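So the chains spell out like this:
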Amino acid sequence: MNTDVPVIELRHVEKCFGDAHVLKDVSLSVMPGEVVVVIGPSGSGKSTLCRAINRLERIDSGEILILGEPLPEEGHELAAVRAELGMVFQSFNLFAHMSVLRNVTIGPTEVLGVSKAEAEREALELLERVGVASQAKKVPAQLSGGQQQRVAIARSLAMHPRAMLFDEPTSALDPEMINEVLEVMVSLASQGMTMIVVTHEMSFARRVADRVVFMSDGAILEEGTPGAFFEHPKTERAREFLDSIREHV
């Protein structure tokens, strides 16, 4: 991969839902191997930003580039780009009627054309990597929320993505399950995975982010290293936000 070209780049992106202006002139570049954590108050546009990157939300204006190429509008070209971008949501979005193993192999076999045997071999390796290999024959309803989210991560990794998008991956989990998912994400970051993470987990942002992006009211108000942002926020809005969640930082 060309390390001089951003894996993900947004240029002056705008998005409205009716009268609500949810993304305002958003520009952001994420370089190979970089971990960017997006934080901010509820309703600030974080999830919409994440979903726009693989066109789950269409933008009104601006430009999104993946590996230097404009994001396709639709069709096979868009499907190919989405395969390059793993996405993990708040809800796990697993196929309820399929085994854990089949949930992880369906993408490689149906989309990438990998043989069933090869897909299962790699799926078991990935499930081992995220700590749920012993659950391979179960269906999602038999797993805890934390286990389901780790399966969702394995499913994304099975597609060999160039980058991973995480949209509040722990917000639906009980507190004791949050750390088991965050530890998988920490491991991914340490292995050089390019990541955009929308989260309220400030300790994760401090520990893992190369860059923290702070959004409010649809705009990026500031960005910087975790140390700089958490210790010396530049804007009054960021200071207010940090004061409101200080007990969690």
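Residues numbered from 1 in each chain as written. Predicted model: local features only at pLDDT ≥ 70, side-chain atom pairs only at ≥ 80, totals over all residues. Heavy atoms only, no water.

Asks: Account for the overall build of the protein chain, naming residues and giving values.
Replies: A count of helices and strands for the protein chain gives 9 helices and 10 strands. Seen through its principal axes, the protein chain has C-alpha atoms that stretch 55 × 40 × 35 Å. Out of the 249 residues belonging to the protein chain, those deemed buried represent 53%. Long-range pairs, those at least 24 residues apart, make up 66% of the contacts in the protein chain with a sequence separation of at least 6. For the protein chain, the centre of its 24 positive side-chain charges and the centre of its 36 negative side-chain charges are spaced 4 Å apart. (Helix = DSSP H or I, 4+ residues; strand = E, 2+ residues; numbered from the N terminus. Buried < 20%, exposed > 50% of the residue type's maximum accessible area, 1.4 Å probe, protein only. Contact = heavy atoms within 4.5 Å. Lys, Arg positive; Asp, Glu negative; His and termini not counted. Charge placed at Lys NZ, Arg CZ, Asp CG, Glu CD.)

Asks: I'd like a rundown of the packing of helix α5 (residues 145-157) against helix α6 (residues 175-190), residues and numbers included.
Replies: Where α5 contacts α6, the axes come no closer than 8 Å and their chain directions differ by 20 degrees. When the interaxial angle is binned, α5 and α6 end up roughly parallel. The chirality of how α5 crosses α6 is right-handed. Residues Gly-145, Gly-146, Gln-147, Gln-149, Arg-150, Ile-153 and Leu-157 of α5 form the contact with α6, whose own contacting residues are Met-177, Glu-180, Val-181, Val-184, Met-185 and Leu-188. Residues of the contact of α5 with α6, tallied by class, amount to 7 nonpolar, 4 polar and 2 charged. (Axes fitted to C-alpha atoms, helices over the stretch in contact; angles between N-to-C directions. Parallel < 35°, antiparallel > 145°, perpendicular 65-115°, else oblique. Left-handed = near helix turned anticlockwise from the far one by under 90°. Nonpolar A, V, L, I, M, F, W, Y, C, P; charged D, E, K, R; others polar.)

Asks: Give me the state of the cysteines: which residues, what numbers.
Replies: A complete count under the given rule lists 0 disulfides for this structure. This cysteine, Cys-16, is not joined by any disulfide, and Cys-50 carries the nearest cysteine sulfur, 19 Å off. Exposure remark for Cys-16: the relative accessible area of 31% places this residue in the partly exposed category. (Disulfide = S-S within 2.5 Å.)

Asks: Could you give an account of the UniProt feature "domain: ABC transporter" (unreviewed entry) in the protein chain, with specific residues and numbers?
Replies: On the UniProt side, "domain: ABC transporter" (unreviewed entry) is annotated at positions that read residues 8-242 here. Helix makes up 39% of residues 8-242 and strand 26%. Its end C-alpha atoms lie 27 Å apart. (UniProt positions renumbered as here; feature names shortened; annotations may be inferred.)

Asks: Provide a residue-level description of the environment of Pro-41, including the pertinent values.
Replies: Assignment of secondary structure puts Pro-41 in the loop between β3 (35-39) and α1 (46-53). The exposure class of Pro-41 is buried, given its relative accessible area of 16%. In this structure, the C-alpha to C-alpha distance between Pro-41 and Ser-216, residues 175 residues apart in sequence, is 6.5 Å. Filtering out sequence-adjacent residues up to four positions away, Pro-41 remains in contact with Lys-46, Phe-214, Met-215, Ser-216, Arg-237 and Phe-241.

Asks: Any chance you could break down the sheet that holds strand β10 (residues 219-224) for me, citing the residues and the numbers?
Replies: Backbone-to-backbone hydrogen bonds join strands into a sheet, with any given pair of strands oriented parallel or antiparallel. Pairing is mixed across the open sheet formed by 6 strands, whose spatial order is β6-β7-β8-β3-β9-β10. If you trace the sheet from one side to the other, it starts and ends with β6 (85-88) and β10, each paired once. If you compare each strand with its neighbour and ignore which way they point, the axes differ by 15 degrees on average. Here 4 bridges tie β3 to strand β8 (residues 194-198), and the two strands are oriented parallel to one another. What sits directly across from Val-36, in β8, is Ile-196. Taken strand by strand, α1 contacts β3, β6, β7 (163-167), β8 and β9 (211-216), and its axis lies near 150 degrees from that of β7. Where α5 meets the sheet, it contacts β6 and β7, and its direction lies at approximately 170 degrees from that of β6. (Pairing = 2+ DSSP bridges.)

Asks: Outline the pattern of salt bridges, supporting the account with residue identities and numerical values.
Replies: Taken as a whole and judged by the stated rule, the model has 16 salt bridges. Note that Glu-118 and Arg-121 form a salt bridge whose closest N and O atoms lie 2.6 Å from each other. One end of the pair, Glu-118, and the other, Arg-121, are both in helix α4 (residues 116-129), 3 residues apart, so they sit about a helical turn from each other. Residue class for Arg-121 comes out partly exposed when judged on its relative accessible area of 40%. (Salt bridge = Lys/Arg side-chain N within 4 Å of Asp/Glu carboxyl O.)

Asks: Tell me about the side chain of Gln-149, and please be specific about residues and values.
Replies: Position of Gln-149 among the secondary structure elements: in helix α5. When residues no more than four places from it in sequence are discounted, the contact partners of Gln-149 are Val-88, Phe-89, Gln-90, Phe-92, Pro-169 and Val-181.

Asks: How would you summarise unusual backbone geometry if you had to cite specific residues and measurements?
Replies: Positive phi is not limited to glycine here, since Leu-67 has a value of about 55 degrees. Phi at Glu-168 is positive, roughly 50 degrees, even though this residue is not glycine. Mapping Glu-168 onto the fold places it in the loop between β7 and α6. Judged by relative accessible area, which is 7%, Glu-168 ranks as buried.

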